[in-house]
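Coordinates in review
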Amino acid sequence: MSDVIFYLFGAIFIGIGATIIMDLWAIFLHKGFNISSLSFCLVGRWFSYMQDGIFRHDKISSAEKRPAECAIGWTAHYLIGIAYAFLLVIPASGAWLVSPSFMPALILGVATVVFPFFMMQPAFGFGIAAAKTPNPAQARVKSVANHAVFGVGLYLSGIVFNYAMRGIG
């Protein structure tokens, strides 16, 4: 397998795997503790409005629903997870895929919270780092925890990918 295919397949695999683990975490929080997650339909609504040149909303939940917003949002959610995985794989020239380690995955996972804090939440009308939400501290802790779980998911997916590649090779 060429290095490029290995990196590409590896990043896609671990990005999807980590996103699935993050989604399972959200289900656990919802079912076990009645803690809801961000609706990815709203993410799709945000992306859908971009084609009209609208990048910021006073309150995204009040914006008119868009066709296929849920499908767009869920697709974006997984593509973003894959893009983040590339940030783990490419700088190390794929070495992390061969020998996954926990700390780089966790650090990357937590670091990715800057995107919702400083881009998505303000664009949704929630303010920087959820400052305009009813309970900003709770929203921030939930975001950081979700992204930490994503980092754990990167690591676990890297372990599974590495194990699978040893079986193939």
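Refer to the structure printed above.
This structure is a prediction, so every number in the text was calculated from the model and none was measured. (Residues numbered from 1 in each chain as written. Predicted model: local features only at pLDDT ≥ 70, side-chain atom pairs only at ≥ 80, totals over all residues. Heavy atoms only, no water.)

This brings us to the packing of helix α1 (residues 3-33) against helix α3 (residues 69-89). Packing of α1 against α3 brings their axes to within 7 Å, and their N-to-C directions diverge by 125 degrees. Between α1 and α3, the angle is such that the two are oblique. Where α1 crosses over α3, the two elements pack in a sense that is right-handed. For the pair α1 and α3, contact is made by Y7, L8, A11, I12, I14, G15, I16, T19, I20, M22 and D23 and by W74, H77, Y78, G81, I82, A85, F86, L88 and V89, respectively. (Axes fitted to C-alpha atoms, helices over the stretch in contact; angles between N-to-C directions. Helix = DSSP H or I, 4+ residues; strand = E, 2+ residues; numbered from the N terminus. Parallel < 35°, antiparallel > 145°, perpendicular 65-115°, else oblique. Left-handed = near helix turned anticlockwise from the far one by under 90°. Contact = heavy atoms within 4.5 Å.)

Inspection of the entire model under this criterion finds 1 disulfide. A disulfide bridge connects C41 with C70, and the sulfur atoms are separated by 1.9 Å. Torsion about the S-S bond of the C41 and C70 cystine: about 105 degrees, corresponding to right-handed handedness. One end of the pair, C41, is in helix α2 (residues 40-50); the other, C70, is in helix α3, and 29 residues separate them in sequence. (Disulfide = S-S within 2.5 Å.)

What follows concerns a nonpolar patch on the surface. A grouping of I5, L8, F9, I12, F13, I16, I20, L24, I27 and V160 is seen on the molecular surface, where their side chains present a nonpolar patch of about 820 Å² in accessible area. Residue contributions to the nonpolar patch peak at 9 residues, all from α1. The topology assignment puts L24 in helix α1. (Patch = residues over 30% accessible without salt bridge, like charges linked within 9 Å, V, L, I, M, F, W, Y side chains within 5 Å. Areas by Shrake-Rupley, 256 points an atom, 1.4 Å probe, with all protein chains shown as cover. Salt bridge = Lys/Arg side-chain N within 4 Å of Asp/Glu carboxyl O.)

Turning next to the pattern of salt bridges. Enumeration over the complete set of coordinates arrives at 3 salt bridges. In this structure, R45 and E69 form a salt bridge, with 2.7 Å as the shortest nitrogen-oxygen distance. A residue pair is termed long-range when its members are at least 10 positions apart, and R45 in helix α2 and E69 in helix α3 qualify at 24 residues. The two residues R45 and E69 agree in class, both being buried. (Buried < 20%, exposed > 50% of the residue type's maximum accessible area, 1.4 Å probe, protein only.)

Not every positive phi belongs to a glycine, and N34 is a case in point at roughly 55 degrees. Within the secondary structure layout, N34 lies in the loop between α1 and α2. Judged by its relative accessible area of 63%, N34 falls in the exposed class. You will see that A129, though not glycine, has its phi angle at about 50 degrees, which is positive. Judged by its relative accessible area of 10%, A129 falls in the buried class.

Attention now goes to the nonpolar core. Membership of the largest hydrophobic core comes to 18 residues, with the highest contact counts inside it found for I14, L88, L97 and L154. The set of elements that each furnish at least two residues to this core consists of α1, α3, α4 (95-98), α5 (102-111) and α7 (136-168). F40, L42, W46 and I60 belong to the second-largest nonpolar core, a separate cluster that totals 9 residues. (Core = buried A, V, L, I, M, F, W, Y, C linked by side-chain atoms within 4.5 Å.)

By themselves these figures say nothing about function.
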